[in-house]
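# A closer look at the structure
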Amino acid sequence: MKQVRQAAHRREDKNRRRLLIFRNTEQLIGFLFFIIIIFICIWVVQSFKNWMDDPEQMVLSQLTLSGEYTYTTENDLREAILGLGLPNTYIGQDVNDIQQEVMRFPWVKKTSVRKQWPNRLIVYVEEYRPALYWNDLFLLDENGNIFSVPLDRITKLQLPRLYGPEGKAKSALETYYKLESLSKKLVNNQLALQIKVAITDERNAWQLMVEPCVSGFCLENQEIKLLLGNENIEQRYQQFIKLFPEIQSRLPENERIMVADLRYENGISVQKEKMVQKGIN
């Protein structure tokens, strides 16, 4: 009997200690259930991660090109992405790597790349907008940034041409815009000049090829070469614009101005030629 009582006391002590942690059996069951739920959640998350990391699952296979673009193609983007290796999964692909590859295109000004669940890449592209050709090989935007575009994509692009020393693109463009502004401010409703080519050199001496325009229609193959020198460039061009209508009115119908030299302190020198009349057979 003594041993039985001792055993009973021990059981009571154990129950008493258990009740110090859990007030009743329901709390114990609830705690065990909570632990089981945690383990299940961990297993689910790990299984999902393993599934997502599987190269066969959620490969980024769809591509969307958006933004302000003219010369960029989806094929350009695919080649840039493939240059990084095989397409990666949604989680595994680093969009910064793709962004750096897209920025290697010389005509791209800005880009951003983001992923869209479950398997799509969205690439935003903003390109430089060409304003002029620069030394035939490159293009300039309105801020003087130099860039290039594959020649087969700009075959129909008609822009004025600017030529100048390397490293002088922005200063040359600034002068060009001042001269172009004069053309717009001093135009006559019937007669105007359009700058087709502008050339400057190391001495900042300027030459222009301008095209006469009558009532909004420019006369092809009748460009006039203007020699402006390297001093008072804007004033000399302004002088020619003012004198041009009068000079033009005095020319016979079968003659045109070829060259006008404005490097004189007083007056200008004009070289003329007779236009070839095409007969009708």
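Before going into details, it helps to say that this report is about the structure given with it. (Residues numbered from 1 in each chain as written. Predicted model: local features only at pLDDT ≥ 70, side-chain atom pairs only at ≥ 80, totals over all residues. Heavy atoms only, no water.)

## Remarks on the side chain of Glu211
- Summarising the element assignment, Glu211 is placed in strand β9 (residues 206-214).
- Summary of buried charges: Glu211 has no salt-bridge partner, and the nearest side chain of opposite charge, Lys196, is 4.1 Å away.
- Excluding residues that lie within four positions of it along the chain, Glu211 makes contacts with Ala192, Leu193, Gln194, Lys196, Cys218, Leu219, Glu220 and Glu223. (Helix = DSSP H or I, 4+ residues; strand = E, 2+ residues; numbered from the N terminus. Buried < 20%, exposed > 50% of the residue type's maximum accessible area, 1.4 Å probe, protein only. Lys, Arg positive; Asp, Glu negative; His and termini not counted. Salt bridge = Lys/Arg side-chain N within 4 Å of Asp/Glu carboxyl O. Contact = heavy atoms within 4.5 Å.)

## Looking at the pattern of salt bridges
- Considering all chains together, one arrives at 13 salt bridges under this definition.
- Residue Arg104 pairs with Glu101 through a salt bridge whose shortest N-O separation is 3.1 Å.
- Judged by its relative accessible area of 61%, Arg104 is exposed.
- In this structure, the salt-bridge partner of Glu126 is Lys110, at a minimum N-O distance of 3.8 Å.

## Some details on the state of the cysteines
- Within the structure shown, the criterion is met by one disulfide.
- In this model Cys213 forms its disulfide with Cys218; the gap between the sulfur atoms is 2.0 Å. The chirality of the disulfide connecting Cys213 with Cys218 is right-handed, given an S-S dihedral of about 80 degrees.
- Accessibility expressed as a relative area gives 8% for Cys213, which makes it buried.
- Overall, the relative accessible area of 29% leaves Cys218 in the partly exposed class. (Disulfide = S-S within 2.5 Å.)

## What to know about the environment of Thr73
- Tracing the chain through its elements places Thr73 in the loop between β1 (62-68) and α3 (74-82).
- What Thr73 contacts, discounting residues up to four positions off in sequence, is Leu65 and Arg153.

## A few points about the nonpolar core
- In this structure, Leu162, Trp206, Leu208, Leu226, Leu228 and Tyr237 are the most contacted members of the largest nonpolar core, which totals 29 residues.
- Those elements that provide at least two residues to this core are β4 (132-134), α5 (169-185), β8 (191-200), β9, β11 (224-229), α6 (233-250) and β12 (255-261).
- Aside from chain neighbours lying at most four places away, what touches Leu208 is Leu179, Ile195, Val197, Ala198, Ile224, Lys225, Leu226, Leu228 and Tyr237. (Core = buried A, V, L, I, M, F, W, Y, C linked by side-chain atoms within 4.5 Å.)

## Let's talk about α5
- In this model, α5 (17 residues) spans 24 Å end to end at C-alpha, consistent with the 24 Å of a helix rising 1.5 Å per residue.
- Listed in full, the buried residues belonging to α5 are Ala169, Ala172, Leu173, Thr175, Tyr176, Leu179, Leu182 and Ser183. (Expected span 1.5 Å × (residues − 1).)

## Some details on unusual backbone geometry
- Of note, Asn135 is a non-glycine position whose phi angle comes to about 50 degrees, a positive value.
- As for its placement among the helices and strands, Asn135 is situated in the loop between β4 and β5 (138-140).
- A positive phi angle, near 70 degrees, is found at Asp136, a position not held by glycine.
- In this structure, Asp136 sits in the loop between β4 and β5.
- By relative accessible area, which is 40% here, Asp136 ends up partly exposed.

## Re the side chain of Thr200
- Examined against the element boundaries, Thr200 turns out to sit in strand β8.
- On the basis of relative accessible area, Thr200 is assigned to the buried category, the value being 9%.
- Among the polar contacts listed, one links the side chain of Thr200 to the side chain of Trp206, at a separation of 3.3 Å.
- Excluding residues that lie within four positions of it along the chain, Thr200 makes contacts with Tyr163, Gly164, Pro165, Ala172, Ala205 and Trp206. (Polar contact = N/O pair within 3.5 Å; in protein donor to acceptor, adjacent residues only side chain to side chain.)

## Let's talk about the sheet that holds strand β3 (residues 120-127)
- Strand order in the open sheet made by the three strands is β1-β3-β2, with mixed pairing throughout. Of all strands in the sheet, those bounded by a partner on one side alone are β1 and β2 (108-116). The sheet shows a mean angle of 20 degrees between the axes of neighbouring strands, taken without regard to direction.
- The sheet contact formed by β2 and β3 spans eight bridges and is antiparallel. Counterpart to Val108 in the pairing with β3 is Glu127.
- With respect to the sheet, helix α4 (residues 95-102) is in contact with β2 and β3, its orientation differing from that of β2 by roughly 155 degrees. (Pairing = 2+ DSSP bridges. Axes fitted to C-alpha atoms, helices over the stretch in contact; angles between N-to-C directions.)

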